[in-house]
Amino acid sequence: MGSSKHADQVQHDHAGLPAQPHAAELKRRRFSAAALAACLAFAPAWHAQAQSGDRPGEKQEAPPVKAPPAPALSPEAALKTLRVAPGFRVEIVASDPLLFDPVAMSIGPDGRMWVVEMRAYMPNVEGAGENAPIGTIATLEDTNKDGRMDKRTEFANGLVLPRALALVGDGVLVAEPPNLWFMRDTNGDGKADDKQLIANDYGNPSNPEHSANGLLWGFDNWIYSANHTTRFRYQAGKWRREPTAFRGQWGIAQDDFGQLYFNNNSVALYTDALPAEYLLRNRHLPNPSGANVQMARADEISVWPARVNTGVNRGYRILREDGTLPVLTAACGPAIYRGSMFPESFRGDAFIAEPAGNLVKRLKIEERDGVPHVRNAHEQTEFLASTDERFRPVSVYNGPDGSLYVVDMYRGVIQHRIFLTTYLRNQIKERGLEAPLGMGRVYRIVPENAPRRTIPNLAKASSAQLASALDHDEAWVRETAQRLLVERHDASSATALRRLVTTSPRAATRVHALWTLDGIDAIDWPTAAAALRDPEARVAATGVRVSERFLTAEPERTVALLERARWSEPAVVRQVALSLGSAPPKLADAALLEIAEQAGSLPFVADAIVSSIAGREFAFATTLIGSDAAGDIPSVSPVLAVATATVLHSGNAEQTQALLDRLTNPKTTPWVRTALLDGVDRLIPRADDGSRRMAFLPAEPRALVALASSKDVDAPRAALLLKSLRWRGATVDAAASLAKLTPEQRERYEKGRSAFAVCAACHQDEGQGMTGLAPALAGSSWVNGSPQALVRIVLNGKVDQLAMPGLGGSLDDATIAAILTYVRRSWGNEASPIEPSTVESIRGVVSHRDEPWSDEELQPLR
């Protein structure tokens, strides 16, 4: 390990600040301390008490070993505690007192580092003072070119727990939940003086561990977030927004072809094998497969810290005998390595931060039978780990020079108060981990003998130079060049971009060129057609995506897509199945039928097909059944199952009955019956442990009931499926359902029974609804789906089809939770009860919203 020479003095910006080293920052610290003190004056004195993270009846015993002291270290001393993989060294890029509590960063086209500083996060174990408006966005510069930042300019301050930024156009997108701001410096002094509100529903300010963040400019020129269901786009100086899928918890990344990756605290990595937006087109597609693909079970990825980890939230039960953390508990901030500085074997590997374990983990990404997976890259060790408990890596990034950047929040307390246990509170208090505050570092990881590389300044590059930069070795250069070209919308670059599509030897460059052409509205059919013939399947898949704009006006172009799909490359087949949703239905369905017969059994293909036939699933399923070609059965069967599940989920009683009646029709072939039963099984949602939950049908499935009571070989399976199905008029064992509730939940249920009177006037006493006025609650997919969507409907109301007024202004959190608990456990509904804290949290997220929700907005939450 090593570090670059540190400049002895800190240069300040040109805002008239004192020239003495650190004087301005000391002044800022005094201001921040004063702001915090005003909030802390009302903080209760510490005493042993139950914490919100405690679980009833759980005994919190002392850890198996005693932790060594964890004093706050200087940046240079902390550097010596880092243990990095052989052949690498770690350098300090920036550190306190130049930056404070960093959580995210971005490198601008001119080489300046933009840093998000969450300075009020958990100032003490109670979290008192956390709402102090002292968060900042700062820019850091290396004025003497020694590799270490030495000048700070505060671009924006007065923020409450800011958590993400993205450089866009002539400004910066800043996340300060629930607000998403676009800030600009209009007079060139380095400070924001123009602030535009882009969204007031961006995340939950009351729960920092579960709030929107990320703001990643994707290859398709949309800006994606973790922990949020909206994507944004900046075009011609205006902002657009669209619903998208929920992704991860903290941090979001992409590979060289634009595939998105994310994680949560206990799962190392998820990915979208299918671009999730396609799956949202068909709102009746149940439990979609292909988005949010978990790449490893939590217990498959072991963790090997360099120190004992008694200061983790549930250290009383999860630590090894030696006191080290065995599994991920705070995984976050992923990056896919896409540079040229590391050995080639590192390209495409995932790096994830684990602040609770004081380490950064490297994972190998691989496909097994067409499904993406990850595994540990190192055996019983980590790529980067520290013996310093205050080393808190929270985000990892590809550097402009091909290195890897690690943002270290450097502090003792990382767990938020909402989930804090008594055990961890005691650890924090007894070992003095609350102070000091206001520290932080950014590290750079490079090969041991790597010379320093020059970072190209793209801020003043011409469009021609930016087009050339798309063929650069470093992902940061290529991504920045694409963004700048798309923002300029300079048609003069189109010729050079088209040339790159057909001549660049780098597949990633060809993908960037295609998306840049698409972003400046200069994609033409000859270029798209050339991409469809590309030898690299993922380039061809991109060619399919950018071809969609031609399919409506020139439907004959579907022939070219189908021709490439016949090459049987999974990535291309999946994308063709998705993109055919943009073609005229008659042409699309014929092509999709061919794909179903040839490749329907490939992972995620069935979902891709059914996502493209919204409203036509029954006809498509009928065609599949009629084809009955013996050679195609293995491929067609999964598609028929997904199409069947989607028909059942649609609530169309006539179509549901027609499909299920085939179960007892003697002319039905065995493979069709199996596929239909697979479709019923697919309809039934699964709990996290894989157990079946309850699904609802629009009417009694008479044929399924008859099959279950017969002596047929499929009778046991039919009977098992019926245990997880409800329909209007079904006999329900209400006592058994209520017996599963805790006494507290039962009390809430009874309160909800009384309070339901406010809803019964429209939805009726038995939840059957009223035609033309209010939908049925019995068997409703909204009622039995995610609380995130259901609570929003009650708070703000809902439009589309039958309108519902919002009740958030007249009902408190406890009453809403009680009513919804009653509704979700009555009339055959068996969804989980709703906690008042859940309603409170969601109310906080949507508190600035006045208008009702649409189906399109709620669909990602369903």
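Conventions used here
Residues numbered from 1 in each chain as written. Predicted model: local features only at pLDDT ≥ 70, side-chain atom pairs only at ≥ 80, totals over all residues. Heavy atoms only, no water. Core = buried A, V, L, I, M, F, W, Y, C linked by side-chain atoms within 4.5 Å. Buried < 20%, exposed > 50% of the residue type's maximum accessible area, 1.4 Å probe, protein only. Helix = DSSP H or I, 4+ residues; strand = E, 2+ residues; numbered from the N terminus. Contact = heavy atoms within 4.5 Å. Axes fitted to C-alpha atoms, helices over the stretch in contact; angles between N-to-C directions. Parallel < 35°, antiparallel > 145°, perpendicular 65-115°, else oblique. Left-handed = near helix turned anticlockwise from the far one by under 90°. Nonpolar A, V, L, I, M, F, W, Y, C, P; charged D, E, K, R; others polar. Pairing = 2+ DSSP bridges. Salt bridge = Lys/Arg side-chain N within 4 Å of Asp/Glu carboxyl O. Expected span 1.5 Å × (residues − 1). Polar contact = N/O pair within 3.5 Å; in protein donor to acceptor, adjacent residues only side chain to side chain. 1 Å grid on protein atoms, 1.4 Å probe; cavity = no way out; pocket = protein on both sides within 12 Å on 5 of 7 lines; lining within 4 Å. Points joined across faces, edges and corners; volume = space filled by probe spheres on them.

Caption draft 1: Examining the nonpolar core more closely. If you look at the biggest cluster of nonpolar residues, it comprises 181 residues, and the most contacted ones within it are M113, F342, F383, L384, I445 and L725. At eight residues, the largest contribution of residues to this core is made by helix α18 (residues 633-650). Excluding anything up to four places from it in sequence, I445 contacts V84, F88, R89, V90, F342, F383, L384, S403, L404 and V406. In terms of nonpolar packing, the next biggest core, distinct from the first, is built from 33 residues, A778, A789, L795 and V839 among them.

Caption draft 2: Broad picture of the side chain of R483. When you line up the elements, R483 lands in helix α7 (residues 475-488). Discounting chain neighbours no more than four positions away, the residues touching R483 are P109, L167, V168, G169 and W217.

Caption draft 3: Spotlight on the packing of α18 against helix α20 (residues 670-683). It is the contact of α18 with α20, at a shortest axis distance of 7 Å, that shows an interaxial angle of 45°. The orientation of α18 with respect to α20, classified from their angle, is oblique. Taken as a pair, α18 and α20 cross one another with a handedness that is right-handed. Across the interface between the two elements, I633, V636, S637, L640, A641, V642, T644, A645, L648 and H649 of α18 pack against W671, V672, A675, L676, D678, G679, V680, R682 and L683 of α20. The residue makeup of the contact of α18 with α20, split by class, is 13 nonpolar, four polar and two charged.

Caption draft 4: Layout of the sheet that holds strand β26 (residues 404-408). In spatial order, the strands read β3-β27-β26-β25; together these four strands make up an open sheet with antiparallel pairing. The sheet is open, and its two borders are formed by β3 (88-95) and β25 (393-398), each paired with just one other strand. The mean angle between the axes of side-by-side strands here comes to 25°, regardless of whether they run parallel or antiparallel.

Caption draft 5: How the structure looks around the environment of T623. Of note, T623 is situated in helix α17 (residues 617-627). Sequence spacing of T623 and L640 is 17 residues, and the spatial spacing of their C-alpha atoms is 9.5 Å.

Caption draft 6: Representation of the pairing of strand β4 (residues 102-107). Among the six residues of β4, six are classified as buried, and the element is accordingly described as predominantly covered. Strand direction decides the pairing type here: β4 and strand β5 (residues 113-117), joined by five bridges, are antiparallel. Paired with P102 across the strands is E117, a residue of β5. Taking the residues between adjacent antiparallel strands as the criterion, β4 and β5 are bridged by five residues, where G111 takes a positive phi near 90°.

Caption draft 7: Up close: the environment of A606. Topologically, A606 is positioned in helix α16 (residues 605-611). A relative accessible area of 6% places A606 in the buried class. Residues A606 and G290, 316 residues apart in the sequence, show an inter-C-alpha distance of 9.8 Å. Setting aside anything within four residues of it in sequence, one finds A606 in contact with G600, P638, V639 and V642.

Caption draft 8: Structural view of the pattern of salt bridges. In total, this model carries 71 salt bridges according to the counting rule given. Between R297 and E300 there is a salt bridge, with its nearest N and O atoms 3.3 Å apart. Where D681 meets R686, a salt bridge forms, and the shortest distance between an N and an O atom there is 2.7 Å. Assessed through its relative accessible area of 15%, D681 is described here as buried. The network of salt bridges with common partners includes D220, R231, R240, E242, R247, D272, E277 and R545.

Caption draft 9: Geometry of α18. With 18 residues, α18 should cover 26 Å at 1.5 Å per step; its first-to-last C-alpha distance of 25 Å lies within 8% of that length. Here α18 lies mainly inside the structure; 13 of its 18 residues are buried. G651 sits one or two positions beyond α18 and adopts a positive phi of about 85°.

Caption draft 10: Structural detail: helix α11 (residues 537-546). Taken across its ten residues, α11 has eight buried, putting it largely inside the fold. Among the residues making up α11, those that are buried are A537, V539, A540, A541, T542, G543, V544 and V546. Those residues of α11 hidden inside the fold are in contact with α9 (507-519), α10 (525-532), α12 (548-551), α13 (558-565) and α14 (570-579). At the N-terminal boundary of α11, the capping side chain belongs to E536, with an oxygen 3.0 Å from the backbone nitrogen of R538.

Caption draft 11: Looking closely at empty space enclosed by the protein. What the rule picks out here adds up to four cavities of 30 Å³ or more. If you add up the space inside the largest cavity, you get close to 790 Å³. Along the walls of the largest cavity sit 40 residues, with M105, S106, L216, Y397 and E479 positioned nearest its centre. Counting residues per element, the ones that place at least two in the lining of the largest cavity are β4, β8 (164-168), β12 (213-217), β16 (252-254), β20 (332-336), β25 and α7.

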